[in-house]
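Listed below are the residues making up each chain.
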Amino acid sequence: MIERQVPARAFPAWRMGFARPEELGEEARAAALSLYDIYSESGSLSATVPDVRRLVSSFLNSFTGLSLKQ
């Protein structure tokens, strides 16, 4: 991934936002999942939701070998 300043939103109608875990309320923090919870063999979701783990793994692997130019 890349972090940089942008002059305008690429998707102006997109309603999803970003918040750091420490900025969330208690209820939202309890509902949030880390990539560790989803992806790792010992994470809390790995045994119960293998399809989600497979999808996250595929997503993360798609970044392998990307050349990011700034």
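## Looking at the overall build of the protein chain
Working step 1: Within the protein chain one finds three helices and zero strands.
Working step 2: Listed by position from the N terminus, the elements making up the protein chain come as α-α-α.
Working step 3: The proportion of buried residues among the 70 residues of the protein chain is 10%.
Working step 4: Summed over its atoms, the accessible surface of the protein chain is roughly 6700 Å², and 57% of this surface lies on carbon and sulfur atoms.

## Some points on the packing of aromatic side chains
Working step 1: Evaluation of the coordinates by the stated rule reveals one aromatic pair.
Working step 2: Look at Phe11 and Trp14: their rings are 5.7 Å apart centre to centre, the planes differ by 80 degrees, and that puts the pair in the edge-to-face class.
Working step 3: Judged by relative accessible area, Phe11 falls into the exposed class, the value being 54%.

## Concerning the confidence of the model for the protein chain
Working step 1: Per-residue pLDDT for the protein chain averages 77, and the proportion of residues at 70 or more is 77%.
Working step 2: The secondary structure element of the protein chain with the lowest average pLDDT is helix α2 (residues 35-39), at 71, and the one with the highest is helix α1 (residues 26-31), at 85.

## Digging into the environment of Leu60
Working step 1: Mapped onto the elements of the fold, Leu60 is located in helix α3 (residues 50-61).
Working step 2: You can call Leu60 partly exposed: its relative accessible area is 30%.

Procedures and definitions
- Residues numbered from 1 in each chain as written.
- Predicted model: local features only at pLDDT ≥ 70, side-chain atom pairs only at ≥ 80, totals over all residues.
- Heavy atoms only, no water.
- Helix = DSSP H or I, 4+ residues; strand = E, 2+ residues; numbered from the N terminus.
- Buried < 20%, exposed > 50% of the residue type's maximum accessible area, 1.4 Å probe, protein only.
- Areas by Shrake-Rupley, 256 points an atom, 1.4 Å probe, with all protein chains shown as cover.
- Phe/Tyr/Trp six-rings, centres within 6.5 Å; stacked < 30°, edge-to-face > 60°.
- pLDDT = per-residue confidence, 0-100.

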